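# Descriptive analysis of the structure
What follows is the residue order along each chain.
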Amino acid sequence: MSLYWLGTDSGVDFPPVNSALDEPNGLLAAGGDLSEARLLAAYQRGIFPWYSPGQPILWWCPNPRMVLAPSEFHASRSLRRALRRDPVTVTTNQCFRAVIDNCAAPRSHENGTWITTEMRAAYCQLHDNGWAHSIEVWRDSTLIGGVYGVAIGRAFFGESMFSAATNGSKFALMALCRQLTQDQFLLLDCQMHTGHLQSLGANLVARDQFLTLLETACGVLKRWNPPPHLSCD
């Protein structure tokens, strides 16, 4: 099966997601751009960009899909004990660029980063226009963890998270899920399977099931307006 190529002048059209490749799982299209209109159209269709420096923009819709129902976040006893021992402060949208820069920083178990300069600029633009959000975890005045993603309607599309101290990203995700539950979000899209996400309550669902849920969650192109401070309790 040949790969569908997008042009920068082709509007926001994507091929049907059921035409995505089985190997690599979910690769749907290449090319195009990272304009706000294209990114929002992609997320509403269950498609996201993911590529490395030097590659064209690659668009994905894997099957199955890793999804976390916000109300089903699993906080282990040890995580709750850690929070009681050493309370943190959690904020939203206070330093989006610092969060994305930390997510892009080299990690010991990975080679390079998929958050290219072009990707960073695109998501900062989404943030400035109210679509992309960051959750920051602070110990005193030090940023120790965070997560960022895109919110449309009642769906949050998680992009990346980081920890600069033990449990930093877990605290961020726990606070995010608590707020998403309160705001009646239907899903937190985690994109790809990892054992770490599974341990926090995420599950694999068939692509068709995910897209049906997404259609309900993104029925209205509406921005999320989270409070400036979140609770982990």
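So, a few notes on the structure that sits alongside this text.

### Comments concerning the overall build of the protein chain
- Each helix and strand in the protein chain was counted, giving seven helices and twelve strands.
- Whereas a compact globule of 233 residues would reach a radius of gyration of roughly 17 Å, the protein chain reaches 17 Å, a difference of no more than 12%.
- Reported as C-alpha extents along the three principal axes, the dimensions of the protein chain are approximately 55 × 35 × 35 Å.
- Across the protein chain, the fraction of contacts at a sequence separation of at least 24, relative to all contacts at a separation of at least 6, is 75%.
- Within the structure as shown, the protein chain displays about 11000 Å² of accessible surface, and the carbon and sulfur contribution to it stands at 49%.
- The positive charge centre, built from 18 side chains, and the negative charge centre, built from 20, are 10 Å apart in the protein chain.

### Side note on the pattern of salt bridges
- On inspection of all chains with the given rule, the structure shows five salt bridges.
- In this structure, the salt-bridge partner of D33 is R38, at a minimum N-O distance of 2.9 Å.
- Taking relative accessible area as the criterion, R38 reaches 0% and is therefore assigned buried.
- Note that R65 and D189 form a salt bridge whose closest N and O atoms lie 2.9 Å from each other. One end of the pair, R65, is in strand 5 (residues 65–68); the other, D189, is in strand 10 (residues 187–191), with 124 residues separating them in the sequence.

### Section: the packing of helix 2 (residues 77–85) against helix 5 (residues 168–182)
- Taken N-terminus to C-terminus, the directions of helix 2 and helix 5 make an angle of 95 degrees; their axes are 11 Å apart at the nearest point. Classified by the interaxial angle, the pair formed by helix 2 and helix 5 is roughly perpendicular. Contacts between helix 2 and helix 5 involve L79, A82 and L83 on the former and, on the latter, K170, F171 and M174.
- Of the residues assigned to the contact of helix 2 with helix 5, the class counts are five nonpolar, no polar and one charged.

About the thresholds
Residues numbered from 1 in each chain as written. Predicted model: local features only at pLDDT ≥ 70, side-chain atom pairs only at ≥ 80, totals over all residues. Heavy atoms only, no water. Helix = DSSP H or I, 4+ residues; strand = E, 2+ residues; numbered from the N terminus. Rg over C-alpha atoms; globule rule 2.2 N^0.38 Å. Contact = heavy atoms within 4.5 Å. Areas by Shrake-Rupley, 256 points an atom, 1.4 Å probe, with all protein chains shown as cover. Lys, Arg positive; Asp, Glu negative; His and termini not counted. Charge placed at Lys NZ, Arg CZ, Asp CG, Glu CD. Salt bridge = Lys/Arg side-chain N within 4 Å of Asp/Glu carboxyl O. Buried < 20%, exposed > 50% of the residue type's maximum accessible area, 1.4 Å probe, protein only. Axes fitted to C-alpha atoms, helices over the stretch in contact; angles between N-to-C directions. Parallel < 35°, antiparallel > 145°, perpendicular 65-115°, else oblique. Nonpolar A, V, L, I, M, F, W, Y, C, P; charged D, E, K, R; others polar.

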